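Residue-level structure breakdown
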Amino acid sequence: MIILADYLAQLKADPFNTNTNQQVSFQPMQADQSFWDGNRDKHANFRQEVTRLLYQSYSIEDRPLVLMLLEQENLNCKFIKNSTDNLLRLLFMLYTFKQIEDLKLLHTTKFGLGYDATLNIDINLLFGLGNDPILSIDSSLQEYLDYKEVLPPEEFYQQQKTLWDQDLADHPVPEQLQPDEIPEEKNQLQFFFKKGDILVFQYEDKKIGSLLVAQSYETFDDAEYIVYPSGIYQESEDVSKDQLPIFGRKIKAIHMGNPFEQSITSESNQASLEKSRNTMLVSITITHSGLQHFQDKLKKVASLPSIIYKGTHHLARVNNWKNLEMHLYNLIQGNYPGFETVNAYDFSQE
């Protein structure tokens, strides 16, 4: 067993001493197996606890240590897990240093580490120095500003600090630990909500909104909920037992006549638009890893028989409350063209 406080003091003194840092270095259990075959990083749990202890008291002087730990976590995410809480914690610590030379690393980690990492890493981590520095690296990130997904840095800092402080309060760092101790994983994920649950929540302006859980299922390294946003926007939490407005969309089909016709004299009636016969129900995907940070905002008030209609128009995949509320509010305000409300009960079965 290693006393974590003593070990961290050694790391702080010399982060790149290989005799010391090997305990937090990426080391797969089986060199030639994938995560699909049950492979794990032997030091992932120990590295996480060392990082959590470091988080309790760190400064800009610890930047080399954070970079070293982040490099090892990147390897774990690239070859084993693809996305971890420890990665997000280390990125936040790097974010707080506000060093211009770290922007490229933050950008590369978000967009180059893998699909799940890209979705789980908050875009706000790239805007800690303002808009211009990161836009000079990647101008396409302007779209996040256009869609108002970027928070003021101080607001984002406080939001993340509250999250990681609560993590320490809920799960204190052990005093000592074996470097290669791998905790047992639960065989089955415990879902917060079930298919058919009607959930209510409060918008920022205190009005009440609602979601209908369409499905929940485990994925490769997480779980996801498919929900139907509701058109409810009212003062009370009362939900009708036979009326629940959810959003639908009738996708338009485009007929352009002969696509190889080059003549500019083609008759105008060759091009037409028409709505499909079936309504596509508008859905949003919420990640379980994201929902665990804000599921207390959602309250189950009723359950609906299973939705049997399978046609959906997928609007977005979200992993944080701000992003979810943004899409829900845009739906309520009618900012997405071509959407209409339908009664969820018309698509259900007893």
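It should be emphasised that the depicted structure is a prediction, and the values quoted were computed from it without experimental measurement.

Considerations on the overall build of the protein
When helices and strands are counted, the protein shows 12 helices and 12 strands. Looking at the protein as a whole, 44% of its 350 residues qualify as buried. Partitioning the contacts of the protein with sequence separation of at least 6, the portion at a separation of at least 24 is 70%. Carbon and sulfur atoms provide 48% of the accessible area of the protein, an area that totals close to 19100 Å².

Let's talk about the environment of His 288
Topologically, His 288 is positioned in helix H11 (residues 288-291). C-alpha of His 288 to C-alpha of Tyr 217: the two residues are 71 residues apart in sequence and 9.4 Å apart in space.

Digging into helix H5 (residues 85-97)
In a regular helix each residue adds 1.5 Å, so 13 residues correspond to 18 Å; H5 covers 19 Å between its end C-alpha atoms and thus fits that length. Burial analysis of H5 places 11 of its 13 residues in the buried class, which makes it a mostly covered element. When H5 is considered as a whole, its buried residues turn out to be Asn 86, Leu 87, Leu 88, Arg 89, Leu 90, Leu 91, Phe 92, Met 93, Leu 94, Tyr 95 and Phe 97. Those residues of H5 hidden inside the fold are in contact with helix H3 (44-55), helix H4 (63-81), helix H6 (103-112), helix H7 (115-120) and helix H10 (153-170). With its phi angle positive at about 55°, Lys 98 sits one or two positions after the end of H5.

About the thresholds
The residue count restarts for each chain, going from 1 along the sequence in the order it is written. Per-residue local features are limited, in this predicted model, to residues with pLDDT of at least 70; the limit for side-chain atom pairs, both in listing and counting, is 80 or more; totals at the level of whole chains, interfaces and linings are taken over all residues. To get the side-chain values, take all heavy atoms of the structure and skip hydrogens and water. Helix and strand definitions follow DSSP, with helices as H or I runs of at least four residues and strands as E runs of at least two, each counted in order from the N terminus. Relative accessibility decides the category of a residue: with a 1.4 Å probe and only protein chains considered, values under 20% of the type maximum give buried, values over 50% give exposed, and everything between is partly exposed. Should any heavy atoms of two residues lie within 4.5 Å, those residues are considered in contact. Working definition of accessibility: Shrake-Rupley area with a 1.4 Å probe, residue cover restricted to the visible protein chains. Take the number of residues in a helix, subtract one, and multiply by 1.5 Å to get its expected span.

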